[in-house]
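These are the residues of each chain, in order.
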Amino acid sequence: MTDLPQVCVCYLTRLSETGEPQVLLGRKKKGLGLGNIVGLGGKLEPGESALDAAVREIEEESGLTVGADALTPMGVLTYLFPHKPAWSQRSNVFVTDRFSGIPRESDELNPEWFTIARLPVDEMWDDAKHWLPGVLAGQRVEATFTFGADLATVVARD
């Protein structure tokens, strides 16, 4: 499975004015996952590391600046779509609370801060509820999710 396309996703976190932990997510405006709320990230370019891709994608999708040394690797997720193999991929997951700038809308998504205690998992990919709360609480993740014929529902988790 090492030949699967490599992607990255990064979750930027902060404390709100009232001290509640928040995470920056956005509703996908085009491409795979259209309409879903997602983390910042995307495909690795040829020769690019997952870390470098995360830095680039954060800037492209939100206008925020993050140094590679500020990103904490939290694991790898493998997504299998037996009914649409072109969608299968391996995602490198990063988290950071060190960034600069003010989030702005891009052609990919409109970033918005969400309270971590109330993640919008019903509007995210089906796998997110299984691992995202743990990652945001500091737990590393290594998992494989297989999606069903509807291309939206997780039917197996390894």
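Now for a description of the structure that goes with this document. This one's a predicted model, so the numbers in the text were calculated from it and none came from an experiment.

1. Focus on helix 1 (residues 50-62)
Then comes step 1: Between its terminal C-alpha atoms helix 1 stretches 18 Å, which fits the 18 Å expected from 13 residues at 1.5 Å a residue.
Then comes step 2: Here helix 1 has its buried residues at Ala 50, Ala 53, Ala 54, Arg 56, Glu 57, Ile 58, Glu 61 and Ser 62.

2. A word on unusual backbone geometry
Then comes step 1: The phi dihedral of Leu 151 falls on the positive side, at around 60°, and the residue is not glycine.
Then comes step 2: As for its position among the elements, Leu 151 is in the loop between strand 8 (141-147) and strand 9 (154-157).

3. A few points about the pairing of strand 2 (residues 21-28)
Then comes step 1: Extensive coverage of strand 2 is indicated by the burial of 6 of its 8 residues.
Then comes step 2: Here strand 1 (residues 6-15) runs beside strand 2; their pairing, made up of 3 bridges, is antiparallel. Pairing of Leu 15 across the sheet is with Pro 21, part of strand 2.
Then comes step 3: Hairpin connection between strand 1 and strand 2: a loop of 5 residues separates the two successive antiparallel strands, and Gly 19 in this loop has a positive phi of roughly 85°.
Then comes step 4: Across 7 bridges, the pairing between strand 2 and strand 7 (residues 109-115) is antiparallel. Across the sheet, residue Val 23 finds its bridge partner in strand 7, namely Phe 114.
Then comes step 5: In this sheet, strand 3 (residues 37-38) lies alongside strand 2 in antiparallel orientation, the contact comprising 2 bridges. Residue Arg 27 lies in a different strand from strand 3, and its bridge partner there is Ile 37.

4. Details of the environment of Asn 110
Then comes step 1: Of note, Asn 110 is situated in strand 7.
Then comes step 2: Each C-alpha atom of the pair Asn 110 and Val 7 lies 20 Å from the other, and the pair is 103 residues apart in sequence.
Then comes step 3: The residues contacting Asn 110, other than those within four sequence positions of it, are Leu 25, Gly 26, Arg 27, Lys 29 and Glu 105.

5. Re the side chain of Ser 91
Then comes step 1: When you line up the elements, Ser 91 lands in strand 6 (residues 89-96).
Then comes step 2: Apart from residues lying up to four places away in sequence, Ser 91 is in contact with Val 7, Cys 8, Val 9, Gly 75, Val 76, Leu 77 and Tyr 79.

6. Describing the packing of aromatic side chains
Then comes step 1: Under the defined criterion, the tally for this structure stands at 9 aromatic pairs.
Then comes step 2: Consider the rings of Tyr 79 and Phe 147, whose centres lie 6.2 Å apart with planes at 50°: the pair is tilted. Of this pair, Tyr 79 sits in strand 5 (residues 72-80) while Phe 147 sits in strand 8, and the two are 68 residues apart along the sequence.
Then comes step 3: The exposure class of Tyr 79 is buried, given its relative accessible area of 11%.
Then comes step 4: On the basis of relative accessible area, Phe 147 is assigned to the buried category, the value being 1%.
Then comes step 5: Ring geometry for Phe 81 against Trp 87: centres 5.4 Å apart, planes inclined by 80°, an arrangement best described as edge-to-face.
Then comes step 6: On the accessibility criterion, Trp 87 (23% relative accessible area) is partly exposed.
Then comes step 7: Three or more aromatic residues joined by ring pairs make a cluster, and in this case those are Tyr 79, Phe 81, Trp 87, Trp 125, Phe 145 and Phe 147.

Conventions adopted
- Residues numbered from 1 in each chain as written.
- Predicted model: local features only at pLDDT ≥ 70, side-chain atom pairs only at ≥ 80, totals over all residues.
- Heavy atoms only, no water.
- Helix = DSSP H or I, 4+ residues; strand = E, 2+ residues; numbered from the N terminus.
- Expected span 1.5 Å × (residues − 1).
- Buried < 20%, exposed > 50% of the residue type's maximum accessible area, 1.4 Å probe, protein only.
- Pairing = 2+ DSSP bridges.
- Contact = heavy atoms within 4.5 Å.
- Phe/Tyr/Trp six-rings, centres within 6.5 Å; stacked < 30°, edge-to-face > 60°.

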